[in-house]
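Structural characterization, general
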Amino acid sequence: MADLTASGFSACPACDAAPLAQRLADRAEIAQGTVIMSLPTAHCAACITDVETALTAHPGVKSARVNLTLRRVTVDAPGLTADDLIPVLAGVGYEAHELDPDALSATTADRQGRDLLMRIGVSGFAMMNIMILSVAVWSGAEAATRDLFHWISGAIALPTVFFAGQPFFRSAWSALRVGRLGMDVPISLALILASAISVYETMNSGHHAYFDGVTMLCFFLLIGRYLDHRTRAIARSAAAELTALEVPRATLLADGAEQVVPVAMLRPGDLIRIRPGARIPADGEIVEGRSEIDRALLTGETLPVLAAPGQMLSAGEVNLTGPLVLRVTAAGRDSSLARLTALVEAAESARGRYTSLADRASRAYSPSVHLIALCSFAGWIWATGDLRLAVNIAAAVLIVTCPCALGLAVPAVATAASGRLFRRGLLIKDGTALERLAEVDTVVFDKTGTLTLGRPVLVSADPLPADLRPVARALAQASSHPLSVALAAALQERPADLTDVTEHPGFGVSGRWQGRVVRLGRADWLGVADDDENRPTSATWLAIEGQPPVRLEFTDELRPGAADCVAALRKAGLGVVLISGDRHAAVADLADRLGIQDFRAAVDPQGKESMVADLAAQGARVLMVGDGLNDTAALARAHASISPASALDAARVASDMVLTGSDLVPVAEAVATARLATRRIRQNFAISIAYNIVAVPLAVAGMVTPLIAALAMSISSITVTLNALRLRD
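Note that this is a predicted model, so its numbers are computed, not measured. (Residues numbered from 1 in each chain as written. Predicted model: local features only at pLDDT ≥ 70, side-chain atom pairs only at ≥ 80, totals over all residues. Heavy atoms only, no water.)

1. What to know about the packing of helix α14 (residues 387-400) against helix α25 (residues 665-700)
- Relative orientation of the contacting elements α14 and α25 amounts to 170°, with a least axis distance of 9 Å. Between α14 and α25, the interaxial angle falls into the category roughly antiparallel. Of the residues in α25, those touching α14 at Ile393, Ala396, Val397 and Val400 are Tyr691, Asn692, Ala695, Val696, Ala699 and Val700.
- Residue composition of the contact of α14 with α25, by class: nine nonpolar, one polar and no charged. (Axes fitted to C-alpha atoms, helices over the stretch in contact; angles between N-to-C directions. Helix = DSSP H or I, 4+ residues; strand = E, 2+ residues; numbered from the N terminus. Parallel < 35°, antiparallel > 145°, perpendicular 65-115°, else oblique. Contact = heavy atoms within 4.5 Å. Nonpolar A, V, L, I, M, F, W, Y, C, P; charged D, E, K, R; others polar.)

2. Things to note about the pattern of salt bridges
- All told, the structure shown has 15 salt bridges when counted by the stated rule.
- Here Arg119 makes a salt bridge to Asp115, at a shortest N to O gap of 2.7 Å. Of this pair, Arg119 and Asp115 both sit in helix α5 (residues 109-138), four residues apart, which is roughly one turn of that helix. Like Arg119, the residue Asp115 is buried in the burial classification.
- Among the ionic pairs, Asp524 bridges to Arg522, the shortest N-O distance being 3.3 Å.
- By relative accessible area, Arg522 is classed as partly exposed at 29%. (Salt bridge = Lys/Arg side-chain N within 4 Å of Asp/Glu carboxyl O. Buried < 20%, exposed > 50% of the residue type's maximum accessible area, 1.4 Å probe, protein only.)

3. Regarding the confidence of the model for the protein
- For the protein, mean pLDDT is 77; residues scoring 70 or higher make up 78% of the total.
- Taking the mean pLDDT of every element in the protein, the minimum, 35, falls on helix α1 (residues 2-5) and the maximum, 94, on strand β15 (residues 442-445).
- Contacts for the low-pLDDT stretch residues 102-108, under 50 throughout, to residues beyond four places or in other chains number 10 contacts.
- Across residues 231-241 the pLDDT falls below 50, and counting only partners more than four positions away or on other chains, this stretch makes 36 contacts in the model. (pLDDT = per-residue confidence, 0-100.)

4. A word on the packing of aromatic side chains
- Tallying each qualifying case throughout the model produces one aromatic pair.
- Seen from their ring centres, Phe507 and Trp525 are 6.4 Å apart, and the 35° between their planes marks the pair as tilted. A residue pair is termed long-range when its members are at least 10 positions apart, and Phe507 in the loop between β17 (499-504) and β18 (508-513) and Trp525 in the loop between β19 (516-521) and β20 (538-544) qualify at 18 residues.
- Note that Arg519 overlies the ring of Trp525, its terminal NZ or CZ placed 5.1 Å from the centroid. (Phe/Tyr/Trp six-rings, centres within 6.5 Å; stacked < 30°, edge-to-face > 60°. Lys NZ or Arg CZ within 6 Å of the ring centre and 35° of its normal.)

5. What about the sheet that holds strand β26 (residues 657-659)?
- If you walk across this open sheet you meet the seven strands as β14-β26-β25-β24-β15-β22-β23, and the pairing is mixed. Only two strands of the sheet have a single partner each, and these edge strands are β14 (426-428) and β23 (598-600). Pairs of neighbouring strands in the sheet enclose a mean axial angle of 20°, with direction left out of account.
- Alignment of β15 against strand β22 (residues 575-579), held across four bridges, turns out to be parallel. (Pairing = 2+ DSSP bridges.)

6. Looking at helix α22 (residues 605-617)
- The end-to-end C-alpha distance of α22 is 18 Å, a good match for the 18 Å that 13 residues give at a rise of 1.5 Å each.
- Pro605, Gly607, Lys608, Glu609, Val612 and Leu615 are the residues of α22 that are buried.
- Gly619 sits one or two residues past α22 and shows a positive phi near 100°. (Expected span 1.5 Å × (residues − 1).)

7. Brief notes about the environment of Gly124
- If you trace the backbone, Gly124 turns up in helix α5.
- Classification of Gly124 as buried rests on a relative accessible area of 8%.
- Separated by 94 residues in the primary sequence, Gly124 and Cys218 have C-alpha atoms spaced 8.8 Å apart.

8. Side note on the packing of helix α20 (residues 562-571) against α25
- Running from N to C, α20 and α25 cross one another at 25°; their axes reach a closest spacing of 7 Å. In terms of orientation, α20 lies roughly parallel with respect to α25. Contact residues: α20 offers Asp564, Cys565, Ala568 and Leu569, while α25 offers Val665, Val667, Ala668 and Val671.
- Each residue belonging to the contact of α20 with α25 can be placed in one class, and the counts come to seven nonpolar, no polar and one charged.

9. Brief notes about the sheet that holds strand β9 (residues 291-294)
- Reading across the sheet, the three strands line up as β10-β9-β12 and stay open at both edges, with antiparallel pairing between neighbours. The outermost strands of the open sheet, each flanked by one partner alone, are β10 (305-307) and β12 (318-319).
- Here β9 pairs with β10 via three bridges, running antiparallel. Along β10, the bridge assignment pairs Ile293 with Val305.

10. A few points about the nonpolar core
- Among the nonpolar cores identified, the biggest contains 46 residues, and Leu437, Phe445, Leu451, Leu569 and Leu623 are the most heavily contacted of them.
- Tallying contributions element by element places α25 first for this core, with nine residues.
- For Leu451, the contacting residues outside a window of four places in its chain are Phe445, Asp446, Leu558, Arg559, Ala562, Val566, Leu578, Leu590, Leu594, Ile596 and Leu664.
- By size, the runner-up hydrophobic cluster in this structure holds 33 residues, among which are Leu116, Leu191, Phe220 and Leu222. (Core = buried A, V, L, I, M, F, W, Y, C linked by side-chain atoms within 4.5 Å.)

11. Points about the pairing of β18
- Counted residue by residue, β18 has five buried out of six residues, so it is predominantly covered.
- Here four bridges tie β17 to β18, and the two strands are oriented antiparallel to one another. Residue Thr502 lies in a different strand from β18, and its bridge partner there is Ser510.
- Between β17 and the antiparallel strand that follows it, β18, lie three residues; Gly506 among them carries a positive phi value of about 85°.
- Where β18 and β19 come together, six bridges link them in antiparallel fashion.

12. Observations regarding the environment of Arg469
- With respect to the helices, strands and loops of the structure, Arg469 is situated in helix α18 (residues 469-477).
- As for Arg469 and Leu491, which are separated by 22 residues in sequence, their C-alpha atoms are 7.0 Å apart.
- Of the polar contacts made by the side chain of Arg469, one reaches the backbone oxygen of Ala461; its length is 3.0 Å. (Polar contact = N/O pair within 3.5 Å; in protein donor to acceptor, adjacent residues only side chain to side chain.)

In structure tokens, the structure reads:
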């Protein structure tokens, strides 16, 4: 039970019972055969329908549910494994990889959000009802009628404050237990004092009770807390997402037999079999088989690479076409994927030093509030000897100085800026990102999937004679290689009738046409000398028996708005750097097309993270824009970071902002918006300071009642919020 109660219980039993029951149900489902898989290529509602329809039609599958936001599918299929279901999805055109349910750490962010919303609703409902009762008192109700309305208001307000104020009470108690004064300490004191004074006044038939003010205070404070939650507590750990990408099991070869074992049981020297379409579970050397490997997640390479005996593979790469036998060199915590996860964890810890401006201000603000209230109480006791008056004035000081406006200063602006940037195609995930984004002076771009779409396109079909185009298309349609897919899409001719069509993993496709052998594939397979490494383009070759081979060139398609984005950033005075794991020729060509002077090629994930760290050490404030697993550590290390929505889950989680559209221009607009948001935050702090300069002396002088103090505090909060909303224009 320890793990079920570690996060604490809510004041609402239903809010605890439902998540606990769901957690138990989830564990039961997993035990009964639930399979969870990632869907990196799913992107729309049609994808949900396609995936769920294909899976539910498969024998043994009871149900399938797709989460498009997380790009995952949960399948209830007792007796089936991911290996049984991945080919089903591949058959309808969707890439899938198994996820380990134990590695998908549950987050409490959703539960906290629902809890705060429930408390906001309760306090808002109570506030409206008490305000209706207060109208009668303000209108001149006297004696028994006034007392009755006060008692009814108290019966509504006291349980409301006890329930809705728990986030503040718990935080204040935690701070006091360790001898610290946080922003929630004066808030809690104000709520308790205002409630106590109201009860005292009601019991003694006083003219004024402040139940309406205390519920209003609680309502606005909770709104500030929820805005803060939305902008700061949504993002999950990128390291946890990377861990979820690790393959949970491997097929071990022992004494000539296959055995499925947890990856943690693998040891250096073990032999494992990797089937086509599977992700590599551990680092190792190929001892048998040929295939093509998708290394984009780790190296950013645009195209698959040939895998042959003697070649080293890394955990996280994907085997595309042929079965392989791998001798393990490192597994589990020692694998390249685990080391990358450790880099992300370290980078996240370093980034955690950045706190919001409100948090920093509260360190000096909270002690000052208590000191002023205490001095006011002591002064009025000494001057008048009236305990009741002194307590009222001290409570008014605490309420009027409650840091509601200060607490709203940052999250209100962040929320308004989030709306503005979302309409421009950017989603903010971290409340402190605006502050950091406004400070950047250098932008580092990844190449594949960021400045480009990571999708090869045929440069021109002109080198291919018209009579050979049907043959080329027929061969291309027989392969799932990215270049073959691009060639088939570019050619419009009706495919020729071929016989003996065979795919040769790692090499290409062959067949017979009109009695002659035809082949489409690698230059070395066709016996052609080619210098692809020195060319900016990639290529495949078509060879027909008796004719010279034809070279077909492909280039990576630029992301829309890439050129305009780079130009806008340079115009704004920011340095632009291109870092990629791709070939030097391809990176140099892209840099030349976009006008980027500083670029680095053939950089591995650790190298990217190291380069970002080196730039930071030189005093640069780096904005990293990337999309792959190879960019995740650099994204987490950077001063601020952005990923496209098409990026890997781990990259999107590691970044501060997500580009929801395909156009890259909003990246440049984000910097301007962030700088404007920072100015609004400073204005809000100025408003809060000006409010306190005026309100505090009046409260200390006894010219403000607790009710007026609550109203003044609310007005200051509304003013700050309205100033923040100017960002939406």
